Amino acid sequence: MLKPLAIDFAPTRRSVRPAGWLASGAGAVLLAVAGFAWLPPAHVEASHMTEASQRQRVLPDGDSAQAVDMAVRELNLPWLAVLDALNSEFGPGADAVLLQVDTDVRRAIVRLEGAANDAAVVQSYPARLRALGPIAEATLVGQEVRGDAQSHHSRPVRFVIELRMREGT
Amino acid sequence: MSLRKTEAAILHVTRSGPRPLQKAPRHGALLDILVTDRVARYWILERPPGLAGTAELDLLAAERFAAIYGDDPADWTIRVDPAPWSERWLVCAIPLRYATELPRTAAAEGWRVRQVQSRYIREFNRCCRHLDANTAFCVAARECTTIGLIVQGQWRGIRVHPPLTHSSAGFDTLLQRDCRQADLSTAVLRPVVVGSLRAMAN
């Protein structure tokens, strides 16, 4: 029995797991709730309209505009899709497990620390991860073999992989 | 009913280009784009020691593509199957427009593109669970004959030949040639032939 080839030229991720659907749904609900929370009550809105003619419109300064741009950029990163991708690659039955996940939002970077059975598995992960839609680049930053024959580590190869999320998707 | 089991329409891309694309019967209908092996390119990439990133793998695959076929890799989309336990990886390339422009056009017509694959990859994935570790897997289609050689679960060679209807050599001869080039004996491989011309191979 041979394994299927992971070669597909389709531009987007093929499938979303049920957990991904749940996460997406939860995210949508969260966004909707947050949106309503931001909407001012009708009387407040009316008072703003009456006051609008009396005061000069205030535009955000350069720093504020930059902060808003940064916040919008962070929100536009494909967080849910990346979570779904990690779930599919490191979920139950995977060749490796994740020990720690850190993010550098400014650089759109996700840093993964994990453990695997074998160095060959680790070396295949960058290409496998990059094949997923929301990930623009994946780089194996480092790997090392922990312990020796006496220590009986179940997953002796520790690794660090950096992912750059695809922006504007 | 599971969405996963929804049937997808197939858009065939032949040597002369894609067949006419109909409008999707409903918005978001699934579409698989199937590229003939006549325009796809295949080769085997030996796993380089110390490979650290996808960018390096991309460069290596593109370099090999240019060396083997002499074409500009920028006009092609190249995909590697980086199987973790293998020393040799199968690589496939299709013209860039079929991996980028065609899916965009399909999306504009209301389709949701599920897969873009070459014929050989699609047939292999359909049959792989029933294949032995030592197999000569062949797709005998009207446009071409593709033979891939697998020994102990690892890819050893792959070639695209003219269709059996237009080949002066029979399937056995083609297989022998490919095995000889890969330094293999045909005796160790179990030939598995699929495709519309499989009867000619047998």
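What this report covers is the structure whose coordinates are included nearby.

A word on the overall build of chain A. Regarding its fold elements, chain A presents 5 helices and 4 strands. Mapped in sequence order, the helices and strands of chain A form the string α-α-α-α-β-β-α-β-β. Scored against the burial criterion, the 169 residues of chain A give a buried share of 22%. In chain A, of all internal contacts separated by at least 6 residues, the share reaching a separation of at least 24 is 61%.

A word on the environment of glycine 170 of chain B. Residue and element names in this part refer to chain B. Tracing the sequence through the fold places glycine 170 in the loop between β10 (154-161) and α5 (171-181). With 12 C-beta atoms packed within 10 Å, glycine 170 lands in the exposed category. The spatial distance from the C-alpha of glycine 170 to the C-alpha of methionine 200 is 8.4 Å, given a sequence separation of 30 residues.

Attention now moves to the nonpolar core. All names here are of chain B. Judged by nonpolar contacts, the single largest core of 83 residues is most densely connected at Ile33, Val91, Cys92, Ile94 and Cys138. If you tally residues by element for this core, the top one is strand β6 (residues 88-95), at 6 residues. Counting contributing residues per domain, this core is built from domain 1 (1-119) and domain 2 (131-202), each supplying no fewer than three. Excluding residues that lie within four positions of it along the chain, cysteine 138 makes contacts with Thr145, Thr146, Ile147, Pro191, Val192, Val193 and Ala201.

A few words on the environment of leucine 99 of chain A. All names here are of chain A. Assignment of secondary structure puts leucine 99 in strand β1 (residues 96-104). Of the residues examined, leucine 99 has 13 C-beta atoms within 10 Å and is grouped as partly exposed. For the pair formed by leucine 99 and glycine 114, sequence separation is 15 residues and the distance between their alpha carbons is 4.8 Å. Apart from the residues within four sequence positions on either side, leucine 99 is in contact with Glu113, Gly114 and Ala115.

Further remarks concern the sheet that holds strand β11 (residues 190-194) of chain B. Pairing between the strands of a sheet is mediated by backbone hydrogen bonds and can be parallel or antiparallel. Residues and elements named next belong to chain B. The strand order across the open sheet built from 4 strands is β10-β9-β8-β11, with neighbouring strands paired in mixed fashion. The two strands at the open ends of the sheet, each matched to only one other strand, are β10 and β11. Across the sheet, the mean angle separating the axes of adjacent strands is 15° when strand polarity is ignored. Examined bridge by bridge, strand β8 (residues 135-140) and strand β9 (residues 145-151) share 6 bridges and lie antiparallel to one another. Residue pairing across strands places threonine 135 opposite isoleucine 150, the latter belonging to β9.

Scoring rules and cut-offs
Residues numbered from 1 in each chain as written. Chains lettered and ligands numbered in written order. Predicted model: local features only at pLDDT ≥ 70, side-chain atom pairs only at ≥ 80, totals over all residues. Helix = DSSP H or I, 4+ residues; strand = E, 2+ residues; numbered from the N terminus. Buried ≥ 20, exposed ≤ 12 C-beta atoms within 10 Å, placed from the backbone. Contact = placed C-beta atoms within 7 Å. Core = buried A, V, L, I, M, F, W, Y, C linked by C-beta atoms within 7 Å. Domains from an automatic or database assignment. Pairing = 2+ DSSP bridges. Axes fitted to C-alpha atoms, helices over the stretch in contact; angles between N-to-C directions.

As far as function goes, none of this settles anything; it's purely spatial.
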